[in-house]
Amino acid sequence: MRKNEKAVFMNLCMICDGDGNVLVQDRTKPDWPGITFPGGHVERGESLTDSAIREVYEETGLTVSELQLCGVEDWVDKGVRNVIFLYKTKKFSGNLVSSDEGEVFWLPLDKLPDVKLSNAMKNKLELFANEKLSENFFEKKNGKWIETLK
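The rules behind these values
Residues numbered from 1 in each chain as written. Predicted model: local features only at pLDDT ≥ 70, side-chain atom pairs only at ≥ 80, totals over all residues. Heavy atoms only, no water. Helix = DSSP H or I, 4+ residues; strand = E, 2+ residues; numbered from the N terminus. Pairing = 2+ DSSP bridges. Axes fitted to C-alpha atoms, helices over the stretch in contact; angles between N-to-C directions. Buried < 20%, exposed > 50% of the residue type's maximum accessible area, 1.4 Å probe, protein only.

## Digging into unusual backbone geometry
Right, so step 1: Phi at Lys78 is positive, roughly 55°, even though this residue is not glycine.
Right, so step 2: Following the sequence through the fold, Lys78 ends up in the loop between β6 (68-77) and β7 (80-89).

## Considerations on the sheet that holds strand β9 (residues 102-108)
Right, so step 1: Strand order in the open sheet made by the 3 strands is β3-β2-β9, with antiparallel pairing throughout. Across the chains shown, the open sheet's two edge strands, defined by having one partner strand only, are β3 (34-36) and β9. If you compare each strand with its neighbour and ignore which way they point, the axes differ by 35° on average.
Right, so step 2: Pairing geometry for strand β2 (residues 21-27) and β3, over 3 bridges, is antiparallel.

## What to know about the pairing of β7
Right, so step 1: In terms of residue burial, β7 counts as a mostly covered element, since 7 of its 10 residues are buried.
Right, so step 2: Note: β6 against β7, 9 bridges, orientation antiparallel. Along β7, the bridge assignment pairs Gln68 with Lys88.
Right, so step 3: Counting the residues between successive antiparallel strands, the hairpin from β6 to β7 contains 2 residues, one of them, Lys78, with a positive phi of roughly 55°.

Structural data, given as structure tokens:
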């Protein structure tokens with residue numbers, strides 16, 4: 001049995017302003033549309049935290065610091081494990097600027113359930129909020145993806 005598998009690492013970062021608002025992005029890409037947090041892929045040789053800081057800056061114009069790891073989301077598809085590291089922070093500086101990824105704006109955290117969220121965002125919010133959870137795992141059963149919070 002092979003013990004190793006290929007992996008792709010990504011990140012997502014919830015930025016809180018201290019007044020009950022979070023920075024969201026309305027993604028325009030058809031493969032993953034809807035409201036989510038900024039983030040993206042880890043580049044070769046880059047630290048996980050540095051990749052989140054870079055992605056947030058590229059997509060929002062903000063420089064974040066003091067990132068707290070809240071959990072992971074993962075799944076295996078076509079022999080590759082995909083892992084999203086979920087971070088949150090209240091520390092940021094800079095001027096908010098949208099990117100090609102989508103418009104970014106502040107939204108009250110309690111209003112997130114009322115907007116069109118991107119795929120799996122509901123369970124991601126659980127990971128950000130509940131310290132007793134650490135993983136949202138997807139597995140394919142009978143041709144359908146099943147999410148399990150752990």
